[in-house]
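Here is what each chain is made of, one letter per residue.
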Amino acid sequence: DTTVIVLSTIQTSIDLLQNCSEDGSSQYTLTPNVNAISAVTCNWTFSPDVGDDILFSTEDSDCSAIDPREDVNITDGNYTVTLTATDGSNSCSSSDTTVIVLSTIQTSIDLLQNCSEDGSSQYTLTPNVNAISAVTCNWTFSPDVGDDILFSTEDSDCSAIDPREDVNITDGNYTVTLTATDGSNSCSSSDTTVIVL
């Protein structure tokens, strides 16, 4: 008689982390968890196949975390990412997770320029945020004007922001960026230029 011993020598799982990147787009990092008695090689597969527009930069036999490619724009949808770990005796285990690519937030900024009573230009920035779920908003200004912030605003405020009347800043071009982020860290950003002259 022959006895066959079936032993689960490998366990796999995938941690999915979704972040809002500096450019205001959603990004994902997949971290494999591989528990094995002996050395393994790993293979990542993506379904449906996105061809050259692969969601992540990865190579076969890499059991490390894989990060999103920043130069990729793919169609909204659900993508199944599968990790398969195989050891030297061809014992293997696989796990999968779903990455949902969804443009859940669209942002834009309306810029209204007025001539104030004292003859100077004043601006009002109105955010347009279209989101499936609740969002928080963050306004940033570049170059940073420090305490002489052009506008009175607070983080998480998605309302129109008006100019501060007590501010005198250097003439120049200022980029104002609105980033809206929802509870799952999906995000979108828009920017506009305010010219102080």
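In case you missed it, the structure is sitting above this.
Note that the structure is predicted; figures quoted are calculated from it, not measured. (Residues numbered from 1 in each chain as written. Predicted model: local features only at pLDDT ≥ 70, side-chain atom pairs only at ≥ 80, totals over all residues. Heavy atoms only, no water.)

Student: Hey, could you run me through the sheet that holds strand S10 (residues 187-196) in this one?
Tutor: Whether parallel or antiparallel, the strands of a sheet pair through hydrogen bonds between backbone atoms. Strand order in the open sheet formed by three strands is S8-S9-S10, with antiparallel pairing between adjacent strands. Across the chains shown, the open sheet's two edge strands, defined by having one partner strand only, are strand S8 (135-142) and S10. Each neighbouring strand pair of the sheet contributes to a mean axis angle of 20 degrees, computed without reference to strand direction. Where strand S9 (residues 172-182) lies against S10, ten bridges are found, and the strand directions are antiparallel. Across the sheet, residue asparagine 173 finds its bridge partner in S10, namely isoleucine 195. (Pairing = 2+ DSSP bridges. Helix = DSSP H or I, 4+ residues; strand = E, 2+ residues; numbered from the N terminus. Axes fitted to C-alpha atoms, helices over the stretch in contact; angles between N-to-C directions.)

Student: I tried to follow the sheet that holds strand S5 (residues 92-101) on my own but got confused; where do I start?
Tutor: If you trace the three strands from one edge of the open sheet to the other, you get S3-S4-S5, paired in antiparallel fashion. The two strands at the open ends of the sheet, each matched to only one other strand, are strand S3 (40-47) and S5. Neighbour to neighbour, the strand axes of the sheet diverge by 20 degrees on average, direction disregarded. Alignment of S3 against strand S4 (residues 77-87), held across eight bridges, turns out to be antiparallel. Considered in S4, the bridge of asparagine 43 is made with threonine 84.

Student: I would appreciate a short explanation of the environment of cysteine 42 in the present structure.
Tutor: By secondary structure assignment, the location of cysteine 42 is in strand S3. Relative accessible area serves as the criterion here: at 3%, cysteine 42 is assigned to the buried category. Considering only alpha carbons, one finds cysteine 42 and threonine 84, 42 residues apart in sequence, at a separation of 5.5 Å. (Buried < 20%, exposed > 50% of the residue type's maximum accessible area, 1.4 Å probe, protein only.)

Student: What is the right way to read unusual backbone geometry from this model?
Tutor: Trans peptide bonds make up most of the peptide bonds, and negative phi angles are found at most residues other than glycine. For the bond running from serine 47 to proline 48, omega is -5 degrees, close enough to zero to count as cis. Mapping proline 48 onto the fold places it in the loop between S3 and S4. The phi angle at asparagine 90 is positive, at roughly 65 degrees, despite the residue not being glycine. Here asparagine 90 shows up in the loop between S4 and S5.

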